Amino acid sequence: MWSFIHSLVSPKYFFHVTRTLTPWLIGLFFITLSYGLIGGLVLAPADALQGDGFRIIYIHVPCAFLSLGIYAVMAMAAITSLVWRLKLGALILRHSVPLGTMFTLLALITGSLWGKPMWGTFWIWDARLTSELILLFLYLGILLFQSALVDKPSGERAVAILVLVGFIDIPIIHYSVYWWNTLHQGATLTLFSPPTIATPMLAPLLAMIAAFFIYYVLLLCLRLRYELIATQGNQHWL
Amino acid sequence: MLIALKNFLYMGGYAFYVWSAYGIVFFFLALQWIMPWRQWRRWSKQSAHEQHS
């Protein structure tokens, strides 16, 4: 049992599995993306209050979802690299950071472009926005920290500990719209109650979230494969 | 047809916000895709070159 799990997380096995998976994931990405874009921009009706301006939701929510989701993945990878010293965990952690930074930045940019016409301001120091900005600073800090420690053996562990300490921000972001009075609307999608959005608007949103998530997995695989082959000198796997 | 396209691009008056948001997101997504891909291409070209020489 343990040897099976161990073979699953070995870099070599990972390399071969991702090679067969990549074309399928690229196909799935373009299918979900095109359905999400057409459904969101053309087929979904305009919102009763926000008109066509609400269509920013189809990129804002996936970006915000991934900014939190990637951090959760990083925290899990940090635990595996700290506790079991998994090489793959440390690699996933390192290559997720730039992608997570990008999605956090995009969530903030698209959010302020949505806030300007609806709230009348690009930025306001409210709970959801401020905690998301703190997440961006966390990502930037981790990015700088790991680039400073890249050649030190203790560097990976230090970055992993920093990631775990920063994880406290994730539930704060999620619950900020319930704990404080805020301009930001509450959650549209929740796990256990029906969504507060009509089905023709919901389906493209789920497709876009799926597309962005597949994009993250694809990019992570691309970066990890390059790292394993070119930087760590495993050319004979090709 | 043209009017429908114009209406679509007009986005009910929110054209600037909607299209700039979409533009920025897809610019960054493309950038993050192209950077590692080009790195990979450069490396494979280089290693092929090394094998021949």
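Residues numbered from 1 in each chain as written. Chains lettered and ligands numbered in written order. Predicted model: local features only at pLDDT ≥ 70, side-chain atom pairs only at ≥ 80, totals over all residues. Heavy atoms only, no water.

Trainee: With reference to specific residues and values, describe the overall build of chain B.
Mentor: Scanning chain B for helices and strands turns up two helices and zero strands. Compactness check: chain B gives a C-alpha radius of gyration of 20 Å against a globular reference of 10 Å for 53 residues, more than 25% above the reference. Dimensions of chain B, computed from C-alpha atoms along their principal axes, come out at roughly 60 × 25 × 10 Å. Sorting the 53 residues of chain B into buried and exposed places 25% on the buried side. Accessible area for chain B stands at about 4100 Å²; split by element, carbon and sulfur atoms hold 66% of it. (Helix = DSSP H or I, 4+ residues; strand = E, 2+ residues; numbered from the N terminus. Rg over C-alpha atoms; globule rule 2.2 N^0.38 Å. Buried < 20%, exposed > 50% of the residue type's maximum accessible area, 1.4 Å probe, protein only. Areas by Shrake-Rupley, 256 points an atom, 1.4 Å probe, with all protein chains shown as cover.)

Trainee: Account for the overall build of chain A, with residues named and values stated.
Mentor: A count of helical and extended segments in chain A gives eight helices and zero strands. Expected size for 238 residues packed as a compact globule is a radius of gyration near 18 Å; at 19 Å, chain A falls within 12% of this value. Counting only C-alpha atoms, chain A reaches 60 × 35 × 30 Å along its principal axes. Evaluated residue by residue, chain A yields a buried proportion of 49% over its 238 residues. Of the contacts made within chain A by residues no fewer than 6 positions apart, 75% connect residues no fewer than 24 positions apart. Carbon together with sulfur atoms contributes 73% to the accessible area of chain A, which is approximately 11800 Å² in total. With 12 positive and 8 negative side-chain charges, chain A shows a spacing of 13 Å between the two charge centroids. (Contact = heavy atoms within 4.5 Å. Lys, Arg positive; Asp, Glu negative; His and termini not counted. Charge placed at Lys NZ, Arg CZ, Asp CG, Glu CD.)

Trainee: Tell me about the side chain of E132 of chain A, and name the residues and values.
Mentor: Following the sequence through the fold, E132 of chain A ends up in helix 5 (residues 127-148). Buried and unpaired, E132 of chain A has R128 of chain A as its nearest opposite-charge partner, separated by 6.1 Å. (Salt bridge = Lys/Arg side-chain N within 4 Å of Asp/Glu carboxyl O.)

Trainee: Got a sec to walk through a nonpolar patch on the surface? Specific residues and values, please.
Mentor: All names here are of chain A. A surface patch of nonpolar side chains, about 390 Å² in accessible area, is lined by I79, V83, W84 and L164. With respect to the helices, strands and loops of the structure, L164 is situated in helix 6 (residues 155-166). Look at L164 and you get partly exposed, because its relative accessible area is 31%. (Patch = residues over 30% accessible without salt bridge, like charges linked within 9 Å, V, L, I, M, F, W, Y side chains within 5 Å.)

Trainee: Can you break down the layout of surface pockets residue by residue, with the values?
Mentor: Residues and elements named next belong to chain A. The computed volume of the largest pocket comes to approximately 1200 Å³. What lines the largest pocket is a set of 39 residues, and nearest its centre among them are V61, A64, F65, R128 and A187. Of all the secondary structure elements, the ones that give two or more residues to the lining of the largest pocket are helix 3 (57-83), helix 4 (87-119), helix 5, helix 7 (169-179) and helix 8 (199-231). No other element matches the nine residues that helix 3 contributes to the lining of the largest pocket. (1 Å grid on protein atoms, 1.4 Å probe; cavity = no way out; pocket = protein on both sides within 12 Å on 5 of 7 lines; lining within 4 Å. Points joined across faces, edges and corners; volume = space filled by probe spheres on them.)

Trainee: Got a sec to walk through the interface of chain B and chain A? Specific residues and values, please.
Mentor: In this complex, chain B contributes 23 residues to the contact, which on the side of chain A involves 39 residues. Each partner contributes to the roughly 2800 Å² buried at the junction of chain B and chain A, and carbon and sulfur atoms together form 84% of this total. Together, Y22, W33 and W40 of chain B form the three largest contributors to the area buried by chain B at its contact with chain A, with a combined 25%. Summed over the shared surface of chain B and chain A, the number is zero salt bridges. At the boundary of chain B and chain A, one finds two residue pairs in polar contact (both at pLDDT 80 or more). (Buried area = accessible area lost by both parts, 1.4 Å probe. Polar contact = N/O pair within 3.5 Å; in protein donor to acceptor, adjacent residues only side chain to side chain.)

Trainee: Could you give an account of the packing of helix 5 of chain A against helix 7 of chain A, with specific residues and numbers?
Mentor: All names here are of chain A. Contact geometry for helix 5 and helix 7: axes closest at 8 Å, N-to-C directions at 160 degrees. Here helix 7 runs roughly antiparallel to helix 5, going by the angle between their axes. As helix 5 packs across helix 7, the resulting crossing turns out to be left-handed. Between helix 5 and helix 7, the contacting residues are A127, R128, S131, E132, I134, L135 and L138 on the first element and D169, I170, I172, I173, H174, S176 and V177 on the second. Looking at side-chain class alone, the contact of helix 5 with helix 7 contains eight nonpolar, three polar and three charged residues. (Axes fitted to C-alpha atoms, helices over the stretch in contact; angles between N-to-C directions. Parallel < 35°, antiparallel > 145°, perpendicular 65-115°, else oblique. Left-handed = near helix turned anticlockwise from the far one by under 90°. Nonpolar A, V, L, I, M, F, W, Y, C, P; charged D, E, K, R; others polar.)

Trainee: Describe the confidence of the model for chain B, naming the residues involved and giving the relevant values.
Mentor: On average, chain B scores 85 in pLDDT, and the residues at 70 or more come to 96%. What the predictor reports for the complex is a pTM of 0.89 with an ipTM of 0.85. (pLDDT = per-residue confidence, 0-100.)

Trainee: How would you explain the packing of aromatic side chains if you had to name every residue and give the values?
Mentor: Residues and elements named next belong to chain A. One pass over the full model with this rule turns up 19 aromatic pairs over all chains. On the numbers, 6.0 Å between centres and 45 degrees between planes, the contact of F103 with F212 is tilted. Of this pair, F103 sits in helix 4 while F212 sits in helix 8, and the two are 109 residues apart along the sequence. A residue is classified by how much of its surface remains accessible, and F212, at 1% relative accessible area, is buried. Seen from their ring centres, Y175 and Y178 are 6.5 Å apart, and the 50 degrees between their planes marks the pair as tilted. With Y175 and Y178 both in helix 7 and three residues apart, this pair spans about one turn of that helix. Here the guanidinium or amino end of R225 rests over the ring plane of F15, the centre of that ring lying 4.7 Å away. (Phe/Tyr/Trp six-rings, centres within 6.5 Å; stacked < 30°, edge-to-face > 60°. Lys NZ or Arg CZ within 6 Å of the ring centre and 35° of its normal.)

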